[in-house]
Amino acid sequence: MFDLTTSDIKYITGVGPHKAAVLNKELNIFSLYDLIYYFPYRYVDRSHIFSISEIDGDMPYIQIQGHFMGMEIMGEGRKTRMVAHFTDGTGIIDLIWFSGLKYLTNRYKLNEEYIVFGKPTVFNGHVNIVHPDIDRVSEAQLTVVGLRPQYHTTEKMKKSFLTSHVVEKMMAVVFAGIKTPLTETLSPALISKYQLMSLTDALRNAHFPENSEKLRQAQYRLKFEELFYIQLNIIRYVKNRKSKFCGYVFSRVGKIFNTFYKDNLPFELTNAQKRVMKEIRKDMGSGRQMNRLLQGDVGSGKTLVALLSMLIALDNGYQTCLMAPTEILANQHFETITKLLSGMNVHVELLTGSVRGKKRAEILDALIRGEVNILIGTHAIIENPVSFLNLGLAVIDEQHRFGVAQRSRLWKKNEQPPHVLVMTATPIPRTLAMTFYGDLDISVIDELPPGRKPITTIHQYDNRQSGLYDFIRKQIHQGRQVYFVYPLIEESEKSDLKNLENGYQTICNSFPEFRVCKVHGKMKSAEKDKQMQLFTSGQAQIMVATTVIEVGVNVPNASVMIIEDANRFGLSQLHQLRGRVGRGADQSYCVLVTGYELSEETRKRIDIMVRTNDGFEIAEADLKLRGPGDLEGTQQSGIAFDLKIANITRDGQLLSFVRDIAQKIVDDDPNENRPEYEILWRQLSVLRKSNLNWSAIS
Ligand code: ADP
Ligand code: MG
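Cut-offs used in this document
- Residues numbered from 1 in each chain as written.
- Chains lettered and ligands numbered in written order.
- Predicted model: local features only at pLDDT ≥ 70, side-chain atom pairs only at ≥ 80, totals over all residues.
- Heavy atoms only, no water.
- Pairing = 2+ DSSP bridges.
- Helix = DSSP H or I, 4+ residues; strand = E, 2+ residues; numbered from the N terminus.
- Axes fitted to C-alpha atoms, helices over the stretch in contact; angles between N-to-C directions.
- Expected span 1.5 Å × (residues − 1).
- Polar contact = N/O pair within 3.5 Å; in protein donor to acceptor, adjacent residues only side chain to side chain.
- Core = buried A, V, L, I, M, F, W, Y, C linked by side-chain atoms within 4.5 Å.
- Buried < 20%, exposed > 50% of the residue type's maximum accessible area, 1.4 Å probe, protein only.
- Contact = heavy atoms within 4.5 Å.
- Phe/Tyr/Trp six-rings, centres within 6.5 Å; stacked < 30°, edge-to-face > 60°.
- Lys NZ or Arg CZ within 6 Å of the ring centre and 35° of its normal.

**Q** Residues and numbers for the sheet that holds strand 12 (residues 348-351), please.
**A** Spatial strand order, 12-13-11-14-15-10-16: seven strands in an open sheet with parallel pairing. Of all the strands in the sheet, the pair left with one neighbour each is strand 12 and strand 16 (441-445). Strand-to-strand, the axes of this sheet are offset by a mean angle of 20 degrees, without reference to chain direction. Two elements, strand 11 (residues 319-323) and strand 14 (residues 391-396), share five bridges in a ladder whose sense is parallel.

Here you go:
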């Protein structure tokens, strides 16, 4: 039998080790199975063949049929190109290539009929097609009729001639090799009850649809299956966890909590904070293990909720920890919390990568002896040599930086898993939460502390600098502080850092009367701390930074944020950044600086930012604009899966539908041994083994 999972793509005719390596690296495609689960992102109707005389430069993708009259290399240096003259008897069109010329020479014959597909454009008064797809008419039957797939390709793939068309040809070779049906992955009962297409037909039609109705059925079947197994996995996992572990019971609210509440709490809790505290107390007192996601917009006061929850754990004789994604943030939490707890007999320690040597050893020692009550730190906390005596509650801040895998490592710190509270300012739309955090309960702080003025957001083109600088000067003279934020993206790290340095110089030169500090992720952490300190203490009026300040940094006196190259940030990142201002009583401003030329999508992003401060609205818009496939931080976010075919925004209904089906199956077959479900349990275990993300969940 034809084994998809074990056959390597490099053995597909025409692929070879180089192309295979590119596919491995760029798309994580290794086996034939990986390949055929790489689905087209759209289909182009290729049922119609145009005549060349009909074509103009305004048409979308079209195809023509004819033969070559000749080919020539034109131009020099970077303008070198291959031009082929192609005719169908009604006219002549030029086909143009700017790369891969060597590969093209002698590839096409003059006396052979071809089908040419591409987007016509007008150049120098001539209609031509740049980098067309070309098939020999005699070989084109399988795929040329009707709907044809288009695959996403990356820059690196294109450089290795792995265009959509080449991917399509690889698919065609694989499907030609599938002579007998593949092993079915859904049970016959499900297939007949929900009238699903068979696996083999569905896969084939998802790539090479016989017609649009078949395509619809194919996609339905594959989406159904994808979402179904995700739900089956989560529901089953939640059930097992509930039966295996009972949570620590935090039955009382005692002296520590009450003392803090009475004597140290600097303000009245907002109603939303009170409500959320009730939910958390109930959870931690219930005897089941808490797994709660706390969503609240930036500045909504999540830290306080975390602290109050931790105090309840202390009152019940347990240790707790608070983890932050960056050292800066961990430091800040440490300072805030030590200050809030001043005068109380609570032992708080800070553990980050820069705490080393003797100090570190002391902390670790005190921790295992149970002398440290609250440990605050970065990921370093969950690394192996760190042991608690009795960790009762772990709080994870800004969890979009924290993977599910890390979350699960926490549970191994104890015989029994501690209660877990995950805090995030990135609101996760309900459908997503249901899919990926099916095991988390959700609390929402939907109210900001009183007295905050909404931030005014302005979009400004980068040639209007002097007006902007006048405004900044005025603000600083009124006693405010200012952030300048620059993008720093890994792929373009060098030029980004240079940009930041240039910006820093310009700002220093433009504001000689003020002190300017600078923070970025590539700095040593001692230097970072020193620079941060300059700003928090008010000695520096301006901070130039990268997104290291995105998460949680709290300087209430900073009321102006300038985001340079704002077009290069995603929506939720912009929102996070903006949240660094508007924390005090003063009117705050966020200025998004861009060049004139903006894509339509970028314009939409900027418009949304200017229009609203509402994080939930922004998250929904983000999801719609980007599609969940590349939802910001899918990788950093701990969201466990890359969906191959389903789409969370569009397939929300199907998701709820299959969730109910999965729930019934888990209820119906709790021991997972009924024969009618055997296929499903087996397939689930295959998926869990073959996909790292899946196994990270449990
Ligand atoms: P985030 O939810 O973004 O983590 P923080 O916990 O950092 O927000 O809180 C933002 C600011 O609001 C802090 O300065 C905090 O002291 C203040 N704050 C929190 N809760 C209240 C409240 N109930 N009333 C007034 N200010 C509050
Ligand atoms: Mg915070």
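Once the structure has been displayed, the description carries forward.
**Q** If you had to explain the sheet that holds strand 7 (residues 126-130) to someone new, which residues and values would you point to?
**A** Taken together, seven strands build an open sheet; the order of strands is 6-7-4-3-2-5-8 and the sheet is mixed. Two strands in the sheet have a free side with no partner beyond their single neighbour: strand 6 (120-123) and strand 8 (133-136). Here the strands of the sheet are splayed against their neighbours by 45 degrees on average, with no regard to which way each runs. Where strand 5 (residues 114-118) and strand 8 come together, four bridges link them in antiparallel fashion. Along strand 8, the bridge assignment pairs V116 with I134.

**Q** Explain helix 9 (residues 212-244) residue by residue, including any values.
**A** Compared with the 48 Å implied by 1.5 Å per residue over 33 residues, the 48 Å span of helix 9 between its first and last C-alpha is a close match. Looking at where helix 9 begins, the residue whose side-chain oxygen comes 3.1 Å from the main-chain nitrogen of E213 is N211.

**Q** Before we move on, can you summarise the side chain of N291 with the specific residues and values?
**A** With respect to the helices, strands and loops of the structure, N291 is situated in strand 10 (residues 291-296). A polar side-chain atom of N291 sits 3.4 Å from a polar atom in the side chain of Q289.

**Q** Kindly report on the nonpolar core, identifying the contributing residues and their values.
**A** Judged by nonpolar contacts, the single largest core of 41 residues is most densely connected at F260, L307, L341, I374 and L393. Only helix 10 (255-264), helix 11 (271-285), helix 12 (302-315), helix 13 (327-340), strand 12, strand 13 (374-377), strand 14 and strand 15 (419-424) provide two or more residues apiece to this core. Non-local contacts of L307, meaning those with residues more than four positions away in its chain, are made with F260, I337, L340, L341 and I374. Counting residues in hydrophobic clusters, the runner-up holds 34 residues, among them I12, L162, M171 and I178.

**Q** How would you summarise the packing of aromatic side chains if you had to cite specific residues and measurements?
**A** Tallying each qualifying case throughout the model produces 23 aromatic pairs. When the centroid spacing of 4.7 Å and the interplanar angle of 40 degrees are considered together, the rings of Y248 and Y318 count as tilted. Taken together, the positions of Y248 in the loop between helix 9 and helix 10 and Y318 in the loop between helix 12 and strand 11 put the pair 70 residues apart, joining distant regions of the chain. Among the residues examined, Y248 registers a relative accessible area of 13% and is labelled buried. With a centroid separation of 5.0 Å and an interplanar angle of 90 degrees, the aromatic rings of F471 and Y589 are classed as edge-to-face. With F471 in helix 17 (residues 465-477) and Y589 in strand 22 (residues 589-594), this residue pair connects regions lying 118 residues apart in the sequence. When the ring centre of Y504 is taken as origin, the NZ or CZ atom of K518, which lies over that ring, is 4.5 Å away.

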